[in-house]
Structures are given as structure tokens and as C-alpha cells.
Amino acid sequence: MSPLTTLAPVDRLAERLYPGCRSGQPSPVDGTVAFYGALLKRLGDDATLLDFGAGRGAAFTSDRSPFVRNLSRLAPKVVRRIGVDVDPVVQANPALDEAYVLTLGDPYHIPLAAASVDAVLADWVLEHLPNPLASLSECHRVLKAGGLFAARTPNSLHYSYLLSRALGSTRFRRILLRIAQPHRRIDDAYLTYYRANTGRTLRTLLAQAGFRHVEICTHEPEPAYLMFSRPTLLLGWAYERLARRGLLPRASLFIFAVA
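Throughout this document, residue positions are counted from 1 along each chain, in the order its sequence is written. Totals for whole chains, interfaces and linings use all residues, but because this is a predicted model, local features are given only for residues with pLDDT of at least 70 and pairs of side-chain atoms are given and counted only at 80 or more. As a convention, hydrogens and water are excluded, and side-chain values are obtained from all of the structure's heavy atoms.

Enquirer: Honestly, the environment of Thr 48 in this entry has me stumped. Any pointers?
Expert: The helix count covers DSSP runs of H or I at least four residues long, the strand count covers runs of E at least two residues long, and both are numbered beginning at the N terminus. Position of Thr 48 relative to the elements: it lies in strand E1 (residues 47–52). Residue exposure (1.4 Å probe, protein chains only): buried if accessible area is under 20% of the type maximum, exposed if over 50%, otherwise partly exposed. For Thr 48, a relative accessible area of 12% gives the class buried. In sequence terms Thr 48 and Val 120 are 72 residues apart; their C-alpha atoms lie 8.8 Å from each other.

This is the structure in C-alpha cells:
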């Protein structure tokens, strides 16, 4: 008996539309694979990387495929990985060589010397910044000249984030999140501001922070938030098809900039 026959009908449909997403492998449009693959191509060898907003290291947990976990480590190009976060849980991140907790008194100051890292990674972080310019300026300060800033963040024009912002922190939003992502840890939910989440806003902020050669790409992954029922999954699949053709806003922004 095929392992797929034991899946619920909605999961079998998800596997048919996005092969791998329910059988332990990345789907053909997996956003993590797309982003980290693009980042690896731009990284220099023997890089010291600052993981800005590193958190507990959810990308390295056992519920992700070995391929995705290994790709997220950015080996062999990254030889030293430093993490910072306002949450002390960063100290338990298994991917870090060093970890620092940003102080609440000055959460924008990164406790590293100027021009001390080759690259800065901010994966699903920009949307949580109350003052993105201050944080981007600090990222620029710790980067060496010619260093790489790379970020992945939501596109605030996408339907999923428009709905999230409209619902705010209401009880109804929490109910919807539990339905859409039943396995999501409650301690992985952080306050969002979406103050740096359009291409135009990001280009302005990055230029003000001192960055140059800004490249912004968009990406539409599988509709993970809509995989709780067949009708919603099919709606998400139809949207993804149109978004990939450039007819609708895509969910994610991939940002690459040079210090």
C-alpha cells in the first residue's frame, strides 16, 4: 500500500498539486528552497553570516526535510553563523556558533563591531520591525564593504497578508490560524507591523540605510494557509497559477542588497 493512500483526501489533493509537500519533500514551488538557493548563489566562500532575528531555528527542526534543513545551513559557504534576536530563545538555536539577545532598552543595536560580517540574513523578520530603518541601518553598519544583505518577507499586497492585517489580533484571527496551521507553535507568533513590506518601501528604506544594488524578486509558494480543506486548497492553487504568471501579487519578497 502506498503511504499516500493513508492520507486524508485534502492531503492527497495537496500532494497531487504540489508533489512532495505531504510526502516529506519540498514542493516544486517551496519558498525556502527558492530563497536559500538564490542566497547560496550570491554568497562568497568562507563567509561569516549574521542571522538577524534568528529565533529558535525552526528551519532546522525535525519536521522539515533533511534537504531543506541542510540547505538552510548554507554550507559549505557559511563557516561562522552569529544569531541575534530580542527573544532569549535564540540561545537554543542549534545552527548558531554564537548567539546574542538584543536588549529591550536598545533593541536596534547589534552587539557586533562595524564591518565585522560578510552577510546578513533576515528570514521572515522585516515584517516584525517597528522601526525598520533603524534595524536596516544597524545591519549595514556591521556589514563589510561589499557585503550582502538578504531578506525574505511577506508582500503586504498579497491576499493572505491583507486578511491578516484586517483581522489584527482578534480572536477570529487566532481561530483561523489554528485551523490553517494546527501544528504551529504558539511561541512562534510575533507582533507584526508590515512597515517594510512592499518593493517600493523597501527600496527607499535600503537606500536610506546606505545599501546599493538592491534586487527584489517575488515568489508564490504553495498555499500552505489554505490546505485545511479541498475547496480552499483549490482556490489557493488557482491563485498561485495566476500569480506565477504575473497576473496577481505574489506572497513573498526576496531582497538582496550590497553594503
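Moving on from the model shown.
Enquirer: Please explain helix H4 (residues 132–142) as it appears in this structure.
Expert: Among all positions in H4, only Pro 132, Ser 135, Leu 136, Glu 138, Cys 139 and Val 142 are buried. Viewed end-on, H4 has its buried residues packed into an arc of 155 degrees, placing them on one side of the element. In this description, contact between two residues means that some pair of their heavy atoms is separated by no more than 4.5 Å. Of the surrounding secondary structure, the elements contacted by the buried residues of H4 are E1, strand E4 (117–123), strand E5 (143–154) and helix H7 (199–209). Comment: arc refers to directions from the helix axis out to C-beta atoms.

Enquirer: Please clarify how a nonpolar patch on the surface should be interpreted in this entry.
Expert: Patch membership is restricted to residues that have no salt bridge and whose relative accessible area is over 30%. Joining uses 9 Å for like charges and 5 Å for the nonpolar side chains Val, Leu, Ile, Met, Phe, Trp and Tyr. Surface accessibility follows the Shrake-Rupley procedure with a 1.4 Å probe radius. Residue values consider only the protein chains on display as shielding. For this analysis, a salt bridge means a side-chain nitrogen from Lys or Arg found within 4 Å of a carboxyl oxygen belonging to Asp or Glu. The grouping of Leu 242, Leu 247 and Leu 248 at the surface amounts to a nonpolar patch, some 250 Å² of accessible area in total. Mapped onto the fold, Leu 248 is located in the loop between helix H8 (230–244) and strand E7 (252–258).

Enquirer: I would appreciate a short explanation of the environment of Asp 123 in the present structure.
Expert: Relative to the helices and strands, Asp 123 is located in strand E4. Looking at Asp 123, the relative accessible area reads 16%, which means it is buried. Engagement of the side chain of Asp 123 in a polar contact is seen with the side chain of Tyr 36, the distance being 2.8 Å. Here a polar contact is taken to be a pair of N or O atoms separated by no more than 3.5 Å, where protein atoms must pair a possible hydrogen donor with a possible acceptor and residues adjacent in sequence count only if both atoms sit in side chains.

Any functional reading would require information beyond the geometric quantities listed.
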